[in-house]
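The residues making up each chain are set out below.
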There are 2 protein chains.
Amino acid sequence: MLTSPPSFSDIKRAHQRIAQYIIETPVMTSKNIDEIAGCHIYFKCENFQKVGAFKMRGAANAIFSYRPEERVNGFACHSSGNHGQAVALAAKLAGSKAFVVMPKNATKVKVEAVKGYDAEVIFCEPNDQSRSQACQDVVDRTGAILIHPFDNYNIIAGQATAAKELIEETDDLDCIIAPVGGGGLAAGTSLIAHYLDPNMEVYLGEPEEVDDCYQSLKAGKIIPNKSSDTIADGLKTTIGQKNFDILKEHVKEVFTVSEQEIVDAMKLIWERMKIVIEPSCAVPFAAILKNPEAFKDKRVGVILTGGNVDLTKLPF
Amino acid sequence: MLTSPPSFSDIKRAHQRIAQYIIETPVMTSKNIDEIAGCHIYFKCENFQKVGAFKMRGAANAIFSYRPEERVNGFACHSSGNHGQAVALAAKLAGSKAFVVMPKNATKVKVEAVKGYDAEVIFCEPNDQSRSQACQDVVDRTGAILIHPFDNYNIIAGQATAAKELIEETDDLDCIIAPVGGGGLAAGTSLIAHYLDPNMEVYLGEPEEVDDCYQSLKAGKIIPNKSSDTIADGLKTTIGQKNFDILKEHVKEVFTVSEQEIVDAMKLIWERMKIVIEPSCAVPFAAILKNPEAFKDKRVGVILTGGNVDLTKLPF
């Protein structure tokens, strides 16, 4: 397992390791969107990824980085969202068992999705203490290996492969922008952009309501989120230490956006591009629309992180 | 202009004629959907087509089939939906003017879309008589050529190119299924399937509420719709005579589905495939789900006709 930030070789190896377990998702463009945004946007469609989100890349890399004899007791994680599904599916593909700790109030559809990949679901109270205790209990009971959703170099190397495909396929991007929550995708994206093209600018998009990354990079230390009140449910988490240390080296700027800006950007992509994306990945696009001068006429890569939304509870 | 059902050569020429004005849309598959349906489905994604629907193919073929000197007075049509946008854009690309008759109660977003392609919008009362009169008036006033949305062999040849791409790309389909409204797409699909593979079965999907095609093929003559009460707003029209004459030669069966079956099928595609499709093109997929024995283990081509929906008025 990696014990330092992934090198270029680490990311290339991760990509080879997971290639057969992931989808090489398409890159989409839209003249209409480009006209509105005033730049040329290349959308990496991880909404079409297995389990409906880029999280499959990191989970597959983390799990397949263990040798078969290390996988016998299975893998554990806590997640109310995409990471749980990704660990469940990756473990199943590896012939291992998955144990997913989920809050009692997780939606039925998410619980069923995890169970659909043959994982065991362990319910906890919806707070940090109960969640940590439940994880510890399951590890003690089963000997499973805990897979952290973002503060883990193998996860970061796996998530980096989305931007790797995007950059390699589109060629000559001026900049790339990803959303930031815990920072697994953000750290992986910023590293691979740096390795493939040191001149490429890396931006992040973050909801104003949970702007820990913006605040942390300004302060030079991690400033935890005080709120979790955002529609971008994948971005509520405070960034991890490993992630922060990478981001402070490689990120040019974090743009924050309001809740209304996220909803408007999400609706625009659904309407004009005819694809279903989750609120979290509307955040970078909202940041582009809000800061046209920063992106004017540039070739911009955007990671659309996933498409798992509750269609009965849309914000428009 | 074609005066008899398009031959194979006519459709090939139509395809060459419109190639530079349309998008060669992707064919998508989903293991998850295949498991649910019990067959192998190849979805032709015309929701990603220009103007968000296959109608661009027919309109472009009809308009570019006229010589430049014939295009000087422009083109007229009546449409509350995708055909109006398609004629507006195709006329613009041809350097001509478009006149689109729309009912007064058409949604603002559809009116704006047509105007966005520089077309002149003429409003009429929302009934057949007022619509016909408005079309006649505009033709008398401007000398524009009226482009019928489906009962027109050049339109049929253009719509056939969607299935042509699907069949040529996927190879070895056992059958193909399209929705049927006025019958432009249905007739084009059934013709090209017959030309490319005479053994390929052609099915149609139709809402129970507007089952004129089902009734007409059974009766051997056109039986107009008595109702227009369906969520599949692209399929409310009664089939045209030219369309009917083609369909009765080449269609194996019309499957009808209920409104709830349409909504359920639409939701399933949004959820599992992460794409936005309009209710009309959920109809063939609903037909597959309702008749699993007819499609069991087959390789099935499905035309997803478009993605123009009002996101603020979803049925789920």
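This one's a predicted model, so the numbers in the text were calculated from it and none came from an experiment. Per chain, the residues get numbers from 1 upward, laid out in the order the sequence is written. All chains are assigned letters beginning with A, and all ligands numbers beginning with 1, in the order in which they are written. The predicted nature of this model means local features are confined to residues of pLDDT at least 70 and side-chain atom pairs, given and counted, to a pLDDT of 80 or more, with totals for whole chains, interfaces and linings taken over all residues. Side-chain descriptors were evaluated using all non-hydrogen atoms of the structure, hydrogens and water having been removed beforehand.

Note on aromatic pairs: each is described by the distance of the centres and the angle between the planes. Stacked, tilted and edge-to-face pairs are distinguished by plane angle, under 30 degrees for stacked and over 60 for edge-to-face with tilted covering the rest, among Phe, Tyr and Trp rings (Trp via its six-membered ring) whose centres lie within 6.5 Å. Following the criterion strictly, the structure yields 17 aromatic pairs over all chains and no others. A ring pair is formed by Phe8(A) and Tyr195(A), whose centres lie 5.7 Å apart and whose planes are at 20°; its orientation type is stacked. Note that Phe8(A) is positioned in helix 1 (residues 8–18) and Tyr195(A) in helix 8 (residues 184–196), a separation of 187 residues in sequence. Accessibility here uses a 1.4 Å probe with only protein chains present; expressed as a share of the type maximum, an area under 20% marks a residue as buried, one over 50% as exposed, and anything in between as partly exposed. With a relative accessible area of 27%, Phe8(A) lands in the partly exposed category. Take Tyr195(A): its relative accessible area is 27%, and that puts it in the partly exposed class. Taking 5.9 Å as the distance between ring centres and 70° as the angle between the ring planes, the aromatic pair formed by Phe43(B) and Phe285(B) counts as edge-to-face. Of this pair, Phe43(B) sits in strand 2 (residues 40–45) while Phe285(B) sits in helix 12 (residues 282–290), and the two are 242 residues apart along the sequence. Phe43(B) gets classed as buried once you look at its relative accessible area, which sits at 0%. One aromatic cluster is present, built from ring pairs that chain together Trp270(A), Phe316(A), Trp270(B) and Phe316(B). Placement of a positive charge over a ring is assigned whenever Lys NZ or Arg CZ falls within 6 Å of the ring centre and within 35 degrees of the normal to the ring plane. Against the face of Phe8(B) rests Lys12(B), its NZ or CZ located 4.1 Å from the ring centre. Taking the ring centre of Tyr153(B) as reference, the NZ or CZ of Lys242(B) above it sits at 5.5 Å. Helical segments are the DSSP runs of H or I of at least four residues, strand segments are the runs of E of at least two, and each set is numbered from the N terminus.

As for its placement among the helices and strands, Arg57(A) is situated in helix 3 (residues 55–64). Whenever a nitrogen or oxygen atom comes within 3.5 Å of another N or O atom, the pair is scored as a polar contact, on the condition that within protein one atom can donate a hydrogen and the other can accept it, and that pairs from neighbouring residues in sequence are kept only if both atoms are in side chains. Among the polar contacts listed, one links the side chain of Arg57(A) to the side chain of Glu165(A), at a separation of 3.0 Å.

Residues and elements named next belong to chain A. By convention in these notes, a salt bridge is any Lys or Arg side-chain nitrogen within 4 Å of a carboxyl oxygen on Asp or Glu. Considering all chains together, one arrives at 40 salt bridges over all chains under this definition. Residue Asp245 pairs with Lys248 through a salt bridge whose shortest N-O separation is 3.5 Å. Linking Asp245 with Lys248, this pair stays in helix 10 (residues 241–250), spanning three residues, or about one helical turn. Here Asp310 makes a salt bridge to Lys313, at a shortest N to O gap of 4.0 Å.

Residue and element names in this part refer to chain A. You can read the domains of chain A as domain 1 (8–54 + 153–313) and domain 2 (56–146). At the junction of the two partners, domain 1 supplies 26 residues and domain 2 supplies 17 residues. Counting the surface lost from both domain 1 and domain 2, the interface buries some 1,600 Å², and carbon and sulfur atoms represent 59% of this. There are three salt bridges connecting domain 1 and domain 2. One salt bridge in this structure joins Lys110 and Asp233, with 3.9 Å as the shortest N-O distance. Our count for the domain 1 to domain 2 interface comes out at 12 residue pairs in polar contact (both at pLDDT 80 or more). Of all elements in the fold, only helix 1 and helix 7 (153–170) reach the threshold of two or more residues within the side of domain 1 that touches domain 2. Source of the domain bounds: an automatic or database domain assignment. Whether two residues touch is decided by their heavy atoms; if any such pair falls within 4.5 Å, the residues are in contact. In this description, buried area is defined as the sum, over both parts, of the accessible area (probe of 1.4 Å) that is lost when the two are combined.

Residues and elements named next belong to chain A. Among the six residues that make up strand 4 (residues 98–103), six are buried, leaving the element largely enclosed by the rest of the structure. Along strand 4, one buried face is formed by Ala98, Val100 and Met102 and the opposite face, lined by Phe99, Val101 and Pro103, is buried too. In this description, strands pair whenever DSSP reports at least two bridges between them. The sheet contact formed by strand 4 and strand 5 (residues 120–124) spans five bridges and is parallel. Directly across from Val101, in strand 5, lies its bridge partner Ile122. Here a crossover is taken to be right-handed if, once the strands point away from the viewer, the path from the first strand over the helix to the second is traced clockwise. In this view, the connection linking strand 4 to its parallel neighbour strand 5 by way of helix 5 (residues 108–116) has right-handed handedness.

Turning next to the UniProt feature "domain: Tryptophan synthase beta chain-like PALP" (unreviewed entry) in chain A. Residues annotated by UniProt as "domain: Tryptophan synthase beta chain-like PALP" (unreviewed entry) correspond here to residues 19–306 of chain A. Taken end to end, residues 19–306 of chain A comprises 45% helix and 17% strand; its first and last C-alpha atoms sit 18 Å apart. UniProt positions are given in the numbering used here, feature names are shortened, and annotations may be inferred rather than shown by experiment.

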